[in-house]
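# Coordinate analysis (summary)
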Amino acid sequence: SNCIDDDLLTHVRRAIADTVPAVRFQIVTRLLPLYDKNIEALWSLLGTIVREEPRGGVLSGALYAVVNPLASRYRVEVIGLVRQLLSRTDLANNGGEAFEWGHRIATGLYIWQGDQEAFDLVRQRLDGDGFRPEYADDCLRDIRESLSFYSTVPKESDADIRRRAFEVEIGRASCRER
């Protein structure tokens, strides 16, 4: 039986619209259990949060605690959420921590899974007019592990992971020189 009923979802929807940011943060960071109970409801809630949540801290909590753990399995859905997030222009501090987490998730999808669509989201912040040093630094921090990555049992994909990490770093370095 499904322990996530319509009444509970109604209360969750009401709570993610609460006027107190701390309440919203507590709710959004605890949504991951919906993953195996009602995935459609989870994606719907995450879409609402990414579109409507006014606070970067609440958004970053949802990205860190819920979206990031689902990223490798649900790339299409996650890239859609990150794209929607990064298109927002109404958030304080140019998106702040929320944008940082969006970039970290997209960078990880590109480096570890070779997802070109994810890299296109990151590239917008590394190339040309969209260059933002703070995001480039975040990318660098996240690729350090992959630059020295090796599998316990070496795999052909190890070299690809390091190559993609170098591509991100080279892009970051060339933008810094501009």
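Above: the structure in question.
The structure presented is a predicted model; accordingly, all values stated were derived computationally and were not measured.

The rules behind these values
Here the residue index of a chain counts from 1 through its sequence in written order. Since the coordinates come from a predicted model, pLDDT governs what is reported: local features require at least 70, and pairs of side-chain atoms require 80 or more to be given and counted, while whole-chain, interface and lining totals use all residues. Only hydrogens and water are set aside; all other atoms, that is, all heavy atoms of the structure, feed into the side-chain values. Each helix is a run of DSSP H or I of at least 4 residues and each strand a run of E of at least 2, with the numbering of both proceeding from the N terminus. Per-residue accessibility, obtained with a 1.4 Å probe over protein chains only, is compared with the maximum for each type, and a residue is labelled buried under 20%, exposed over 50%, and partly exposed between these values. Two residues form a contact once any of their heavy atoms are found within 4.5 Å. Should a side-chain nitrogen of Lys or Arg be within 4 Å of a carboxyl oxygen of Asp or Glu, the pair is scored as a salt bridge.

## So, the environment of L91
Structurally, L91 can be placed in the loop between α5 (75-86) and α6 (96-113). Owing to a relative accessible area of 9%, L91 belongs among the buried residues under this scheme. Along the primary structure L91 and R55 are separated by 36 residues, whereas in three dimensions their C-alpha atoms are 7.0 Å apart. Beyond its immediate stretch of four places on either side in the chain, L91 contacts E53, P54, L59, L85 and F99.

## Observations concerning the pattern of salt bridges
In total, this model carries six salt bridges according to the counting rule given. Note that R24 is salt-bridged to E53, the shortest N-O span being 2.7 Å. Highlighted residues: R24 in helix α2 (residues 21-28) and E53 in the loop between α3 (39-52) and α4 (56-70), separated in sequence by 29 residues. Each member of the pair R24 and E53 is classed as buried. Note that R123 is salt-bridged to D120, the shortest N-O span being 3.8 Å. Taken together, the positions of R123 and D120, both in helix α7 (residues 116-126) and three residues apart, correspond to about one turn of that helix. Given a relative accessible area of 30%, R123 falls into the partly exposed group.

On their own, these measurements won't tell you what the molecule is for.
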